[in-house]
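Chain by chain, the residues run as shown.
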Amino acid sequence: MIQIDDILETLHRENAAADLEKVRRAFVFASQQHAGKTRLSGEPYISHPVEVARILVRLHLDADTIATGLLHDTLEDTPASIDELRREFGDDVAEMVDGVSKLSRISFRTSEQRQAESFRKMLLAMARDIRVILVKLADRLHNMRTLHYHPSDRQRAIARETLDIYAPLANRLGISWLKSELEDLSFAALEPETFREIEQHVTRHAAERVSYIEEVRRKLDETLLRHGIDGSVQGRVKHLWSVYKKMEKQGIDFDQVHDLIAFRIIVPSVRDCYAMLGIIHSAWRPIPGRFKDYIAMPKANMYQSLHTTVMGPGGQRMEVQIRTDEMHRIAEEGIAAHWKYKEGGGTATRGDESRFGWLRQLMEWQKELKDSREFMSSVKIDLFPEEVYVFTPNGDVKELPRDSTPVDFAYSVHSDLGHKCTGAKINGKLVPLKTPLKNGDIIEIVTSPNQTPSKDWLKFVKTSKARNRIRHWVKEQEHQKSVELGRELLEKELRKYGVAFHRAMAMESMGRVLTELSFRNGDDLLAAIGYGRVTTGQVIARLLPDRAKAEPPKSSRIGQVLDKIRKKPSGGIRVQGLDDIMVRFAKCCNPLPGDAVIGFISRGRGVTVHATDCPKVLETDPGRRIEVSWDLAQKASHAVKIRIYCTDIKGILAAMTAAITKCEANIARASAYSTGDGRAVNTFELNVSDVTHLNRVIDAIRKVKGVQRVERIRQGHGTEA
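Summary of the structure given here. Not measured: the values here are computed from a predicted model.

1. Some thoughts on helix α12 (residues 192–204)
Working step 1: In this model α12 runs 18 Å from its N-terminal to its C-terminal C-alpha over 13 residues, within 8% of the 18 Å that 1.5 Å per residue would give.
Working step 2: All of the buried residues along α12 are Thr194, Phe195, Ile198, His201 and Val202. Buried residues of α12 fall within an arc of 130° about the axis and therefore sit on the same side. Facing away from the buried surface of α12 by more than 90 degrees, the exposed residues are Thr203 and Arg204.

Here's what the structure looks like:
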């Protein structure tokens, strides 16, 4: 029988006043609610909430949070109600359980919308109580630990979401061990062969590394003792995902990764941190450009430490981090270490809240952005933490994402400054608006009252605020143009019936038109006509039903356009249930049957089909997006490009070609070149039937000896398949 005695014992040891009885009652309640249910592993379902609670104990959280961990699936998977939880466990626990629960009882049109709305709900719950996200992260961590029981496609989907959202969120909250484990587990699911290869490399020389770590640790201990500093030293091998990202970013093999080993020196005071840095640099030669001072300039997630990379014993590169005990505790546990809760609920101090401006920004976006794709795009941008620190002319520090531009800086100061931005000076020198900012730059924005935002700015801005403010302005302009075009089209159509435009808009039946076509006001209706989403014929049929039947006029302008785009080949796409609309596929993302897709109405050019994750979709007006789906009954050949990274060995090109041919895919074009370091890059343009066919080809290529990575080329760059 599953017990929680160890959880209660640990909780009592850390907090003698903790309400152990509430935790015990939560366990009994959850056990009863989940009785008879099992997980995919065959274990009793209650084993999952218990493991979630165990992770929360490791985060040193309070009794209410541990109880929430035990109860977190009861609202979603059992008949239990939130009122019942309130009666049994109090308002705090009930609200936290509700915040963690998925929106499984609401029907959404797309998985993206479900994900976005679930995240919105979680943000709202986080705003009330930050412990909600800690429970959610613990839930996701245990689900990732048992991911191998799911089918492979489900594993990949969960792992991708974890890598995109939950690992960066753990990093933003400063919980480094949890972030690292989520990344490695996701890596194992998304790139199993590469993961195993790197793991084998690390394991192969494990004994040598352990010996090296012990040698350096002993020398550092002696150094601390010699200088009278009461500190401790830890050595470790970097986690596999960080090794992989380094290999990918620098385009190198595992054997070329030189700083696999990292050391942490934990000392009593900040003064000792800087003293130890000087000692390290005098003992071993520092690598230029690899020193970072996160004590003077802490990261947004409260992380503080000195980082340096030196040439250690035996000529090996090694990273050294130097921090105090308090800095180390916050680096490992993050917000869980910093936010203290009392029994019955906890709040953060004003100083704590100032450290989490990024969370407030996410809250602003969830209020402003109704479109799920735009919202999730903003979330992903704001969760990634690499920052650059720049200064205003007055000396105020601004923290921005890496590679931000003067336009991002301008919008971070004020929206009006961004809108009116015409140029910028960096350190007193005029520069183009797309110039990437560097740490320590002093930025001065040049403005003009006649300047307006440019859609081209979307190609280089990095911050959510800049991107969303520019999109909003562009959409407002496009909306106004569409209103004017819609008015012109409807006015011409109404003349055929002898009805003036102003009189038609004032008719009582216009209210029925707006209601039946689901528009809030006349401008929205006119914009829809201008976009081509609604025809003037649809409006006339409802506005003047008797006259429309008695006096059918000649086809209107928009009707003629629709006639032109009908009866054109759709390439296997159905537009909101219709299959006779002209369709073209976006070259920016090149979607295949089986990809999630969305349509965009182009004036006079029918519907352009994009993959739903295409960045270009986020630059389009949601009002002109339209639901589309694949007509799987139609069989057609589709062109797709893949890129293969491999070892440059004899016969490998023939082996890859044979693997492609065996999967019945036609090679339309191919190119190959050697990178000069024993590796090669090959690009193939293939004709395949759908995504499943493509994945079969990719799996076959991966099995070829010497193949390291296969990418599907989309949006001008590779997308890992």
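2. Quick word on the environment of Glu161
Working step 1: Looking at the element boundaries, Glu161 is found in helix α10 (residues 152–172).
Working step 2: For Glu161, a relative accessible area of 21% corresponds to the partly exposed category.

3. A look at the packing of aromatic side chains
Working step 1: Evaluated as defined, the whole model comprises seven aromatic pairs.
Working step 2: When the centroid spacing of 5.4 Å and the interplanar angle of 80° are considered together, the rings of Phe187 and Phe195 count as edge-to-face.
Working step 3: Consider the rings of Phe585 and Trp630, whose centres lie 5.7 Å apart with planes at 10°: the pair is stacked. Remark: Trp630 occurs in strand β17 (residues 628–630) and Phe585 occurs in strand β13 (residues 583–585); sequence separation between them is 45 residues.
Working step 4: A relative accessible area of 13% places Trp630 in the buried class.
Working step 5: Cluster of aromatic residues (ring-pair linked, three or more members): Phe187, Phe195, Trp241 and Tyr244.
Working step 6: Here Arg58 stacks its cationic end above the ring of Trp177, 3.5 Å away from the centre of that ring.
Working step 7: Across from the ring centre of Tyr645, 4.3 Å away, lies the NZ or CZ of Arg709, which sits over that ring.

4. Describing the environment of Pro393
Working step 1: Tracing the chain through its elements places Pro393 in the loop between β7 (387–391) and β8 (397–401).
Working step 2: Sequence separation between Pro393 and Asp441 is 48 residues, and the spatial gap between their C-alpha atoms is 9.9 Å.
Working step 3: With sequence-adjacent residues up to four places away left out, Pro393 is seen in contact with Ile442, Ile443 and Glu444.

5. Side note on unusual backbone geometry
Working step 1: A positive phi is found at His60, a non-glycine position, where the angle reads about 60°.
Working step 2: Assignment of secondary structure puts His60 in the loop between α3 (47–58) and α4 (63–71).
Working step 3: With a relative accessible area of 38%, His60 lands in the partly exposed category.
Working step 4: Residue Asn590 is not a glycine yet carries a positive backbone phi of 50°.
Working step 5: The topology assignment puts Asn590 in the loop between β13 and β14 (597–602).
Working step 6: Judged by its relative accessible area of 26%, Asn590 falls in the partly exposed class.

6. Quick look at the environment of Asp416
Working step 1: Its location among the elements puts Asp416 in helix α22 (residues 415–419).
Working step 2: Judged by its relative accessible area of 48%, Asp416 is partly exposed.
Working step 3: Separated by 31 residues in sequence, Asp416 and Thr447 place their C-alpha atoms 9.7 Å apart.

7. Details of the sheet that holds strand β10 (residues 429–431)
Working step 1: Spatial strand order, β10-β9-β11: three strands in an open sheet with antiparallel pairing. Each edge of the open sheet carries a strand with a single partner, namely β10 and β11 (443–447). Pairs of neighbouring strands in the sheet enclose a mean axial angle of 35°, with direction left out of account.
Working step 2: By the bridge criterion, three bridges tie strand β9 (residues 421–426) to β10 in an arrangement that is antiparallel. By the bridge assignment for β10, Ala424 is matched with Val431.

8. What about the pattern of salt bridges?
Working step 1: In this structure the tally under the stated criterion is 30 salt bridges.
Working step 2: Taken together, the salt bridges that share partners define one network made up of Asp83, Arg86, Asp91 and Glu95.

9. Looking at the packing of helix α6 (residues 82–89) against helix α7 (residues 91–100)
Working step 1: Contact pair α6 / α7: the axes reach a minimum separation of 7 Å and the direction vectors enclose 145°. As for how α6 packs across α7, the hand of that crossing is right-handed. Listed contacts from α7 to Ile82, Leu85, Arg86 and Phe89 of α6 are Asp91, Val93, Ala94, Glu95, Val97 and Asp98.
Working step 2: Classifying every residue of the contact of α6 with α7 gives six nonpolar, no polar and four charged.

10. Description of the packing of α3 against α4
Working step 1: Two elements in contact, α3 and α4, have axes separated by 7 Å at closest approach and are oriented at 155°. If you check the angle between α3 and α4, you find them roughly antiparallel. Relative to α4, α3 is oriented so that their crossing is right-handed. Residue-level inspection shows Pro49, Val50, Val52, Ala53, Leu56 and Val57 of α3 in contact with α4, the latter providing Thr65, Ile66, Gly69 and Leu70.
Working step 2: Partitioning the contact of α3 with α4 into residue classes produces eight nonpolar, two polar and no charged.

Conventions used here
- Every chain is numbered independently, its residues counted from 1 as its sequence is written.
- At least 70 in pLDDT is required for a residue's local features to be given in this predicted model, at least 80 for side-chain atom pairs to be given and counted, and no such filter applies to totals for whole chains, interfaces and linings, which use all residues.
- With hydrogens and water stripped out, all remaining heavy atoms of the structure feed into the side-chain values.
- Only DSSP runs of H or I with at least four residues qualify as helices, and only runs of E with at least two residues qualify as strands; both kinds are numbered from the N terminus onward.
- By this rule, a helix spans an expected 1.5 Å times one less than how many residues it contains.
- Type-normalised accessible area, obtained with a 1.4 Å probe on protein chains alone, sets the label of each residue: buried when under 20%, exposed when over 50%, and partly exposed for intermediate values.
- Comment: arc refers to directions from the helix axis out to C-beta atoms.
- In this analysis, rings of Phe, Tyr and Trp, with Trp reduced to its six-membered ring, are considered paired at centre separations within 6.5 Å, and the interplanar angle assigns stacked below 30 degrees, edge-to-face beyond 60, and tilted for intermediate values.
- Throughout this description, the term charge over a ring refers to an Arg CZ or Lys NZ atom that lies within 6 Å of the ring centre and within 35 degrees of the ring normal.
- We call two residues in contact whenever any of their non-hydrogen atoms come within 4.5 Å of each other.
- Here the rule is simple: two strands pair whenever DSSP picks up at least two bridges between them.
- Helix axes are fitted only over the stretch in contact, all axes being lines through C-alpha atoms; the angle between N-to-C directions runs from 0 to 180 degrees.
- Only one rule defines a salt bridge in this text: a Lys or Arg side-chain nitrogen within 4 Å of an Asp or Glu carboxyl oxygen.
- Definitions for this section: a left-handed crossing has its near helix turned counterclockwise from the far helix by less than a right angle. A right-handed crossing has that turn clockwise.
- Three classes are used: nonpolar for Ala, Val, Leu, Ile, Met, Phe, Trp, Tyr, Cys and Pro, charged for Asp, Glu, Lys and Arg, and polar for all others, with Gly counted as polar.
- Angle categories are assigned with fixed cut-offs, so that under 35 degrees is roughly parallel, over 145 is roughly antiparallel, 65 to 115 is roughly perpendicular, and the rest are oblique.

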